[in-house]
Each structure stands twice: as C-alpha cells, then as structure tokens.
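Listed here are the chains, written in short residue letters.
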Amino acid sequence: MVPKKINFKAIEKNSSGIFLDRAESFYKAMRTEYELENWHAAGLSAVHCVISANDALLVKTNGIYCTAKDHLLAVEALTQHFTKAGVKEASNHLRKVIALKNVIEYEAKVFTQKQAETVVFHAEKFYKWILEQLKNQ
C-alpha cells in the first residue's frame, strides 16, 4: 500500500517543548473537566492533548509536524515517521481519540460519560507513551 500524502511543516527540533507544553495543558484540563463531569470539555481537551503530544514527538524526532486538515492523518504521520517499539499500539490509542473529534466538536449529540471515559482512557495511554518516548530522545 502506498503511504498517504501528508502535509508537514518543517520546524526546529528544539521547538518540541512548545507542543509538549500544550499537550500537558490540555491533559490537565482533560483531567479537571473529567473530575467535574464536564464530559464534552474533557473529550475536547483529550483530542487536543493527543494532537499536541503527537506533534511534540514528531518535532523532536523529525523536525516536522502534521498540518493536514484531516486529523486522522496525524496517525499516519506517526507511523510513517516514528518506528520504535510500541508505535502500533500507541497509534491505535491516538486513532481512537481523534476518531471522536467530530462527534465531540460538531455533532448535535450529547457526548456521554461512557464516551468521555473511553476518550480519556485512550488519551492518557497515548500521552504517557509520548512522555516516555520523549524522555528517551
């Protein structure tokens, strides 16, 4: 299968901290909103957390980040540009969070506690994996 064409922006590798700071901020917001039972806000913070965390890793390791409007292409970007152990499982967590982005942000539906539990679970797994990878860079 031919890899999908993904738009990237080149950036200095030392800029990864900017994206990691964003990811941490969204992670904290996700946890706070989840504890307050604000399911929608927890879900949206989870989405932004994983996108920023993914960007932090790609910037640190490759000096790029994904600029595609289709956020699911960020999953492809990860698997194409990062080949270390655990990337397949991590990309599945990333995919599961991003797949709910439109439901959380745009659909005229209630985002439920069960959905929030799922998205927070996968976001935490992905975020913690990213932190481990960045620590080893």
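Each value, and the rule that gives it
- Residues numbered from 1 in each chain as written.
- Predicted model: local features only at pLDDT ≥ 70, side-chain atom pairs only at ≥ 80, totals over all residues.
- Heavy atoms only, no water.
- Buried < 20%, exposed > 50% of the residue type's maximum accessible area, 1.4 Å probe, protein only.
- Helix = DSSP H or I, 4+ residues; strand = E, 2+ residues; numbered from the N terminus.
- Contact = heavy atoms within 4.5 Å.
- pLDDT = per-residue confidence, 0-100.
- Phe/Tyr/Trp six-rings, centres within 6.5 Å; stacked < 30°, edge-to-face > 60°.
- Lys NZ or Arg CZ within 6 Å of the ring centre and 35° of its normal.
- Polar contact = N/O pair within 3.5 Å; in protein donor to acceptor, adjacent residues only side chain to side chain.
- Axes fitted to C-alpha atoms, helices over the stretch in contact; angles between N-to-C directions.
- Parallel < 35°, antiparallel > 145°, perpendicular 65-115°, else oblique.
- Left-handed = near helix turned anticlockwise from the far one by under 90°.
- Nonpolar A, V, L, I, M, F, W, Y, C, P; charged D, E, K, R; others polar.
- Salt bridge = Lys/Arg side-chain N within 4 Å of Asp/Glu carboxyl O.

### Considerations on helix α3 (residues 73-81)
Item 1. When α3 is considered as a whole, its buried residues turn out to be Leu-73, Ala-74, Val-75, Glu-76, Ala-77 and Leu-78.
Item 2. Taken together, the buried residues of α3 touch β1 (8-10), α2 (39-62), β2 (64-66), α4 (87-98) and α6 (113-135).

### Side note on the environment of Gly-43
Item 1. Locating Gly-43 in the fold gives a position in helix α2.
Item 2. For Gly-43, a relative accessible area of 0% corresponds to the buried category.
Item 3. Through-space distance from the C-alpha of Gly-43 to that of Leu-100 is 8.3 Å; in sequence the pair is 57 residues apart.
Item 4. Beyond its immediate sequence surroundings of up to four residues, Gly-43 is in contact with Ile-104, Phe-111 and Val-119.

### Describing the confidence of the model for the protein chain
Item 1. Here the protein chain shows a mean pLDDT of 94. Residues at 70 or above account for 97%.
Item 2. Per-residue pLDDT, averaged within each element of the protein chain, yields its smallest value for β1 (89) and its largest for helix α1 (residues 16-35) (98).

### Some words on the packing of aromatic side chains
Item 1. Here the structure, examined in full by the defined rule, presents 5 aromatic pairs.
Item 2. An aromatic cluster is built from Phe-82, Phe-126 and Trp-129, whose rings are joined through pairwise contacts.
Item 3. One Lys or Arg, Arg-22, reaches over the ring of Phe-19 and ends 5.1 Å from the middle of that ring.

### Digging into the side chain of Lys-101
Item 1. Among the structural elements, Lys-101 can be located in helix α5 (residues 101-105).
Item 2. A polar atom in the side chain of Lys-101 sits 2.5 Å from the side chain of Glu-105.
Item 3. In this structure Lys-101 touches Val-47, His-71 and Tyr-106, once residues within four positions along its chain are discounted.

### A short note on the packing of α1 against α2
Item 1. Direction vectors running N to C along α1 and α2 enclose 160°, while the axes themselves pass 7 Å from each other. With respect to α2, the axis of α1 lies roughly antiparallel. When the axes of α1 and α2 are compared, the crossing they make is left-handed.
Item 2. Class assignment for the residues of the contact of α1 with α2 results in 16 nonpolar, 4 polar and 4 charged.

### Let's talk about the pattern of salt bridges
Any two side chains of opposite charge can pair, so long as their charged atoms come close to each other.
Item 1. If you walk through the whole model with that rule in mind, you get 6 salt bridges.
Item 2. Glu-24 is paired through a salt bridge with Lys-28; the nearest N and O atoms lie 3.3 Å apart. Residue Glu-24 and its partner Lys-28 are both found in helix α1; the two are separated by 4 residues, about one turn of the helix.
Item 3. What makes Glu-24 partly exposed here is its relative accessible area of 33%.
Item 4. Here Arg-31 makes a salt bridge to Glu-35, at a shortest N to O gap of 3.2 Å. Within this pair, Arg-31 and its partner Glu-35 are both found in helix α1, separated by 4 residues, close to a single helical turn.

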